[in-house]
Protein chains: 4
Amino acid sequence: MGGFTWPGDHRAALALTFDVDAESAIVAVDPKYARRLTTMSHQAYGPRVGVPRILRMLERNGVTGSFFVPGLTADRYPGTVEAIVAAGHDLGHHGYSHVPYHDLSDDGRRADVERALASLERITGRRPEGCRAPWWELTDSTPALLAEYGFRWDSSMMDDDRPYLLDTGRGILAELPVHWMLDDWEQYAFLPEPNVGSVIESPAKVLDLWTGELDALAAEGGLMILTSHPFLSGRASRVATLEQVVEHARAAGGIWIAPLSEIAAHTRSVIPDTDARPVPSVYIEEGIYERR
Amino acid sequence: MGGFTWPGDHRAALALTFDVDAESAIVAVDPKYARRLTTMSHQAYGPRVGVPRILRMLERNGVTGSFFVPGLTADRYPGTVEAIVAAGHDLGHHGYSHVPYHDLSDDGRRADVERALASLERITGRRPEGCRAPWWELTDSTPALLAEYGFRWDSSMMDDDRPYLLDTGRGILAELPVHWMLDDWEQYAFLPEPNVGSVIESPAKVLDLWTGELDALAAEGGLMILTSHPFLSGRASRVATLEQVVEHARAAGGIWIAPLSEIAAHTRSVIPDTDARPVPSVYIEEGIYERR
Amino acid sequence: MGGFTWPGDHRAALALTFDVDAESAIVAVDPKYARRLTTMSHQAYGPRVGVPRILRMLERNGVTGSFFVPGLTADRYPGTVEAIVAAGHDLGHHGYSHVPYHDLSDDGRRADVERALASLERITGRRPEGCRAPWWELTDSTPALLAEYGFRWDSSMMDDDRPYLLDTGRGILAELPVHWMLDDWEQYAFLPEPNVGSVIESPAKVLDLWTGELDALAAEGGLMILTSHPFLSGRASRVATLEQVVEHARAAGGIWIAPLSEIAAHTRSVIPDTDARPVPSVYIEEGIYERR
Amino acid sequence: MGGFTWPGDHRAALALTFDVDAESAIVAVDPKYARRLTTMSHQAYGPRVGVPRILRMLERNGVTGSFFVPGLTADRYPGTVEAIVAAGHDLGHHGYSHVPYHDLSDDGRRADVERALASLERITGRRPEGCRAPWWELTDSTPALLAEYGFRWDSSMMDDDRPYLLDTGRGILAELPVHWMLDDWEQYAFLPEPNVGSVIESPAKVLDLWTGELDALAAEGGLMILTSHPFLSGRASRVATLEQVVEHARAAGGIWIAPLSEIAAHTRSVIPDTDARPVPSVYIEEGIYERR
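Quick notes on the rules
- Think of each chain on its own: its residues are numbered from 1, step by step along the sequence as written.
- Each chain takes a letter, starting from A, and each ligand takes a number, starting from 1, following the order in which they are written.
- Since the coordinates come from a predicted model, pLDDT governs what is reported: local features require at least 70, and pairs of side-chain atoms require 80 or more to be given and counted, while whole-chain, interface and lining totals use all residues.
- Water and hydrogen atoms were dropped before computing side-chain values, which therefore reflect all heavy atoms in the structure.
- Secondary structure elements are defined from DSSP: runs of H or I of at least 4 residues count as helices, runs of E of at least 2 residues count as strands, and each element is numbered from the N terminus.
- When we talk radius of gyration, it's over C-alpha atoms, and the globule rule is simply 2.2 Å times the number of residues to the 0.38.
- Burial classification: accessible surface area is computed with a 1.4 Å probe over protein chains only, and a residue below 20% of its type maximum counts as buried, one above 50% as exposed, and the rest as partly exposed.
- Contacts are residue-level and defined by heavy atoms, with any inter-residue pair within 4.5 Å sufficient.
- Think of a salt bridge as a Lys or Arg side-chain nitrogen and an Asp or Glu carboxyl oxygen that are within 4 Å of each other.
- In this description, buried area is defined as the sum, over both parts, of the accessible area (probe of 1.4 Å) that is lost when the two are combined.
- Counting of polar contacts relies on pairs of N or O atoms within 3.5 Å, with two restrictions inside protein: one atom must be capable of donating a hydrogen and the other of accepting it, and residues adjacent in sequence are counted only when both atoms are side-chain atoms.
- Three classes are used, and their members are as follows: Ala, Val, Leu, Ile, Met, Phe, Trp, Tyr, Cys and Pro are nonpolar, Asp, Glu, Lys and Arg are charged, and the others, Gly among them, are polar.
- What sets the superposition is a least-squares fit of C-alpha atoms, and only residues with pLDDT of at least 70 in both copies go into it.
- Axis lines are fitted to C-alpha atoms, over the contacting stretch for helices. Their N-to-C directions set the angle, which ranges from 0 to 180 degrees.
- Orientation labels follow simple angle bins: below 35 degrees gives roughly parallel, above 145 gives roughly antiparallel, 65 to 115 gives roughly perpendicular, and whatever is left gives oblique.
- A crossing counts as left-handed when the near helix is turned anticlockwise from the far one by less than a right angle, and as right-handed when that turn is clockwise.
- The nonpolar core is taken to be a set of buried Ala, Val, Leu, Ile, Met, Phe, Trp, Tyr and Cys residues, with the residues joined through side-chain atoms within 4.5 Å.

A.B. asks: With reference to specific residues and values, describe the overall build of chain A.
C.D. replies: On a plain count of helices and strands, chain A comes out with 11 helices and 10 strands. The C-alpha radius of gyration computed for chain A amounts to 19 Å, which stays within 12% of the reference 19 Å derived for 292 residues, consistent with globular compactness. Judged by the C-alpha coordinates and their principal axes, chain A covers about 50 × 50 × 50 Å. Residue burial in chain A is summarised as follows: out of 292 residues, 65% are buried. In chain A, once contacts between residues fewer than 6 apart in sequence are set aside, the share between residues at least 24 apart is 71%.

Pasting the structure below:
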C-alpha cells in the first residue's frame, strides 16, 4: 500500500468499535415497535448486559475501544454512557434518533445532530470530537454539516482501508473507514420484524472471516476497524469471539490496537491538510437511465 | 455475572424447550394454507414423528423438558399432549391460534388465552402455570394479562441471560429469557410460501453455535434456554444434534439440566419480590421520527 | 421407528431422485422470462449438460434413479427423456407447465395432468405410474385426482420419513415422503430474478447435511429420498457430491439404494390397504383469525 | 466430456475475470443512490483500492486476466482503464449504464452499447472485441445486436461449461459461459439498500466452493471462468483467496490459465463455424399459464 506509517514499531492497526443502538435502531424503522415488548427487550440487552460484558473483556485485555451512542440510547441509559467514559473509552456521536440522514430534511438533520450532542454533553460534560453516521449512511452534504458542528473525525466511509483526510468544504475531517464485512450486523442480526437480517452465523465462521481479513490487511499495513453492536455481539460466545480477535492480533505482532480518537490524531499528524481528498460526487448524464 | 445462585453444586443451567406449533404457525399467517396439503404435512411432521422421537431422546438421556403447545395443536393432537404430560415434562401455554398478541384486540387476546387454557385443561385436567407468547412476541400490556390469568412464569423476553422477576402490575412472573440464536427456526426453517426462512443449515454448524454459547454462558453462571420446533428439530439428524448438546453439557460438568417449571420455582425462591423489575416501556419524544 | 421392514438384509433405504424442471420452473413464475436468454440458458444447462453427467455417474455406480420430467421439458428435450428411460431409470409425472396445483382451477389441473401424460406417452409409449407435484405442492383435492388418473404412487408429502399408503377416496397411493432439507434447491438456487434463493452453499456443507441425515435415518430404519435438480446439481462438483453420498451409503452398509418405483411396490406389499391413512384435513374454527 | 481440446498439454482451462461495476451497478437500480455518500464510497473502493491490489496479485503470479468495464466507470476512472490495458489484460465491453438490456428499448440498447464503445475507445484508442452483458442478462435479440457491432466473443451464457460458438443470425460469437456459483457477488455482496444480497461469507467457504468446482471441471476437461467484482473481491483477504485459487490450479497441473480473448481465439480455431449453435428460444403454448 505505502504512503501511511503507523506510530512506533507498528506495521498495522486494529480498532474495536461499538454502536450502542439499543431500541433506537428498530424504533427508527417504525415507532410502532416501541410497544412490542420482546422486540424491545432484544434491543435492551445491549446496554443492560452486552455493554457491561464488553467493558469487562476490554479491561481484561487492556484494550481501549470506541463507543458510538445515539442520543435516544444515552437518554434511556445514562449509566451506560457514564461507565463507558469512566473506563476511558472513546464516546462518539451517532445521531439522536438513528434515522438515516437521507430520510431527514436539512433542518431535521441539524435538529437531530444538536439533540444528540446535547444528550451526550448533559451526561458527560463534554462534546464528542468523533462521529459515525446512523446506518453508516452519509449523504453528500453531511460531511460539511459535521465539520460545521466541530467534529474532528468521522468513521462512516468505505472507499479505503487506511485512514485519510476528507476536505468537507467547511473543514477537514480525519476519515477512518469501515466495511460491512467487518460489522457484526450481517453475521448475527435476526428479528421476525422488521427485516434486519435472516441468517444467524456461528462465532467460528465470524472468527474465520475477521482474522482472515486482519492477517491480510496487516500484511499490507492497513487499518482494520471492527464494528459490533452490544445487543448482538454482547452475547457471551460472541464477546469470546471478539476476545479471540484481540488475542490473534497480539499473537501476530506489530499491530497497534487503539481507539479511533488516537488513530484520528495520528492521521492528522502524518497527512498534511493539503492532501485532503474532496467529497466525491457522482455525476449522472441525463437520459442514461431511461427505461422502456 | 454474580447475583444469581443455582441449586446445589450447579454453576449454570440448561433447559430444553419445544414449541409444538404444527399447522398453527402457518395457518395463522393466512388460513388459505390450510388447503395446501404438502405444506400442512410439513407442519404435521412435528406431532406425528418429531415429538415421539424427541420424547425417546429425552427419556434415553434422563432429561425433563418443557413443551409449549398452542390450543389448535392440542385440539388436533390430544394424544401428543397426553404423551408429553405422561412422560413428566412441562406443558406450557402458547396461545390458541398462534396469532401474535400485537395483531389481536384486547378482547381477541383474552379470547385466545381462554380458548387455549380450555383446550389444555380439557385434555390434561390441569391449568398450566407457565407460558410463552406466540412468535415470542409480548406487547407491553400482555404481562399484566398473563398474571391476571394466574400464570406464574413466562419465557418470552430477551433482555438477560439469567432468570429474573417481572412485576406486571397485576402480579409477579418469573421470567426465563430466550434468544433467537438459541432457537432452531433461524437455522432450519424453509417453506416456499409463506416466507419463514430461506437457508437450511447443517446440524454441524448448529452444534457449533449452541455449544459455543453453552460454554461461554456456563463460564459466567448463566441460563441457556434452547428452543426447538418438532416440525423442524424432530428430523432424525437434528434430534441427534440436540442429544449432542445434552452430552456436551454433561461432559462440561456443573450444569443443571432442568425444566422451566423448576427453574422458575428456584428463581422465585432466590430473588425477593421486591427485586422484581417493572415492565420496561420505551418513551419516544414527539417529532423525532418526522421524515421529509 | 418400527413397523416397517425393508427387503432382504436391508435396514434402511436411499433413493436418488431428479426433478428435470429446466425452463418450466422459471417460466411458470412469469412467461416474460422466456425472453431472458441468460436466465433460460441457466435452466437449459439441466437437460443439456446436467442430465448426461448425472446419467454417467449413476451408471458408474450401478444406481437406478427416479426422474420427474414436466411435459414442457419433455417436449423441448425428448432426447433427454429417451436417454433416461433407455438407462432403466424411473420416469415420473411432474405436471406439464410446473404451475402449482393451487394456482389452477379444477379444469386447469385436469388439463395440465392430461397434457403432461400425453407428452410422456408420446415419447416413451408408456404412461408413468408415479408422480410428484410441481413445487411439491399438493392441494387437499389433488390426491383423489391423481388416483383417478391411474397413478400408483406419489412422492410429494412431508409428514413421515418412512413410506405409507394414502387413501385418496378414489384409490390408494403409496406415498414416499420428501423434505426440503433433502432437496438441492435450498442449497444451490440463485437467480437475480425471479427470487428462487439467495445463498449458494459449498458442496462440503451439503455433503455434511445429507450424510448426517442419512446416518441418523439409517440408524432408525427410515427412508431418505434425495431430490436434485439437474440445472443445479448437474454442475461438476455437485455431481461429485451426490456420488459421495452414494459411497457413504455403501460404506455404511445395509442401505437399499433403489428407485421409487421399487420402493413403492415394496410398500404396497408390506402395508395392507386397510392401514392406508386418509388425506389429512385442517379444520379451522370460525373467528380465530380475526385481527384487529 | 469430449469434443473439446485445449492447446498444448493442457487438459482444462481457468480464466480470472473482473467486472469493474463501481458506482454503475447501484445507480442503475435508482439514481437517487448517487447522493448516498457511504454507498457510493462502497462502490468506489473497486477502482480506487481493489483494482490496484488485483493488478499487483495478477502480476505477482504471472496471470493475464479479463476486465469488463462499464462506460460510466471508464468515464469516472480513466486511469483505472489505462492501468488495466498497460498491464496487458483484456478490456471488455460491459454496457454504459449497467442497466440490463431487458429494461431498455431497442433504441436504448443501441445507444447504451455505442456510448460504452465510445468511452473505451476514447481512453484506449481501441475497440474491444469481447463483451459481457450487464447483470449477465442477454435477451433473445441481443446476440445479433452484439455481432452487428463487431464483437467476436461474449461471456454471459450459462448453458455449458466448455466454450462454444453461437450463431447470432448476424455473425458468429465465441461464447465463454459463466455461472452464479463462480461469481463473487452471491458470496460477498451486502448493502442495506438496494437489496444486493444479505449474507457475507468467509473466504474459507468461498475457496472450498471454487476449488471444489475447479477440481471437478478439470477432471472433465472443462473451462472455469471466475468472475469477481473489485468493490467486493478487491478486499485484502479476498484477493488472497483469488491468489489461492491460482495456486491450487498451478498445483493441480495441466490447467491453462488464460484471458478470455485467448480462449475465444482458441475456440474459434478448434470449432468449425458450421457447428455454431443457434440462439435458443423458448416457445410457450397459449393458455398453459392461465391461473384461476
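So that's the structure; there's more coming.
A.B. asks: So what about the pattern of salt bridges? Which residues, and what values?
C.D. replies: Under the defined criterion, the tally for this structure stands at 65 salt bridges over all chains. The partner of B:Arg109 in a salt bridge is B:Asp106, and the shortest N-O contact between them spans 2.6 Å. Highlighted residues: B:Arg109 and B:Asp106, both in helix H5 (residues 106-124), separated by three residues, approximately one helical turn. For B:Arg109, a relative accessible area of 5% corresponds to the buried category. Residue classification places B:Asp106 among the exposed residues on the basis of a relative accessible area of 51%. The shortest N-O distance in the salt bridge between D:Glu148 and D:Arg170 comes to 2.2 Å.

A.B. asks: Give a description of the interface of chain C and chain B that names residues and reports values.
C.D. replies: At the interface, 43 residues of chain C touch 45 residues of chain B. Regarding the contact of chain C and chain B, the summed buried area is about 3900 Å², with carbon and sulfur atoms giving 55% of it. Counting the surface chain C buries against chain B, the share from its top three residues, C:Val282, C:Tyr289 and C:Arg291, is 17%. In this assembly, chain C and chain B are joined by five salt bridges. With a shortest N-O distance of 3.4 Å, B:Arg53 and C:Asp161 are connected by a salt bridge. Remark: the boundary between chain C and chain B carries 18 residue pairs in polar contact (both at pLDDT 80 or more). Elements with a contribution of two residues or more to the side of chain C that touches chain B: helix H7 (185-188) and helix H8 (203-220) of chain C. When the residues that make up the side of chain C that touches chain B are grouped by side-chain class, the tally is 19 nonpolar, eight polar and 16 charged.

A.B. asks: Lay out the relation of the copies chain C and chain D in plain terms, naming residues and giving numbers.
C.D. replies: After a rotation of 90° and a shift along the axis of 0.0 Å, chain C superposes on chain D with an RMSD of 0.0 Å. The superposition operator between the copies reduces to a four-fold rotation axis. Nearest to the rotation axis, the C-alpha of C:Val199 is located 5.2 Å from it, this being the minimum over chain C. When the interface residues of chain C are mapped onto chain D, a mere 9% of them again lie at the interface, so each copy presents a different face.

A.B. asks: If you had to explain the interface of chain C and chain D to someone new, which residues and values would you point to?
C.D. replies: Accessible area lost upon the coming together of the parts serves often as the stated size of an interface. Contact with chain C, which involves 46 residues of that partner, is made by 43 residues of chain D. Carbon and sulfur atoms supply 55% of the area that chain C and chain D bury against each other, a total of about 3900 Å² over both sides. When the buried area of chain C at its contact with chain D is split by residue, C:Leu37, C:Thr38 and C:Ile200 rank highest and sum to 17% of it. Where chain C touches chain D, the interface holds four salt bridges. Between D:Asp160 and C:Arg48 there is a salt bridge whose closest N-O contact spans 4.0 Å. For the pair chain C and chain D, the number of links is 20 residue pairs in polar contact (both at pLDDT 80 or more). Going through the elements one at a time, helix H1 (24-27), helix H2 (37-61), helix H3 (71-76), H8 and helix H10 (236-252) of chain C are the ones with two or more residues in the side of chain C that touches chain D. Of the residues contributing to the side of chain C that touches chain D, the split by class is 22 nonpolar, 11 polar and 13 charged.

A.B. asks: Kindly report on the packing of H8(C) against H10(C), identifying the contributing residues and their values.
C.D. replies: Residues and elements named next belong to chain C. At a closest axis distance of 10 Å, the pairing of H8 and H10 adopts a crossing angle of 25°. The orientation of H8 relative to H10 falls into the category roughly parallel. For the pair H8 and H10, the crossing hand works out as right-handed. Contacts between H8 and H10 involve Pro203, Leu207, Trp210, Thr211, Leu214 and Asp215 from the first element and Ser237, Arg238, Thr241, Leu242, Gln244, Val245, His248 and Ala249 from the second. Across the contact of H8 with H10, the residue classes tally to seven nonpolar, five polar and two charged.

A.B. asks: Tell me what's going on with the arrangement of the chains, and back it up with residues and numbers.
C.D. replies: The two units chain A and chain C remain apart, with a minimum C-alpha distance of 10 Å. With no contact formed, the shortest span from any C-alpha in chain B to any C-alpha in chain D equals 10 Å.

A.B. asks: Go over the nonpolar core with me, naming the residues and quoting the values.
C.D. replies: Counting 344 residues, the largest nonpolar core has A:Ile263, B:Ile263, C:Ile263 and D:Ile263 as its most contacted members. Dropping the residues within four chain positions of it, A:Ile263 is found in contact with A:Trp6, A:Ala13, A:Ala15, A:Pro163, A:Leu176, A:Leu223, A:Trp256 and A:Ala258.

Geometric values such as these leave the question of function open.
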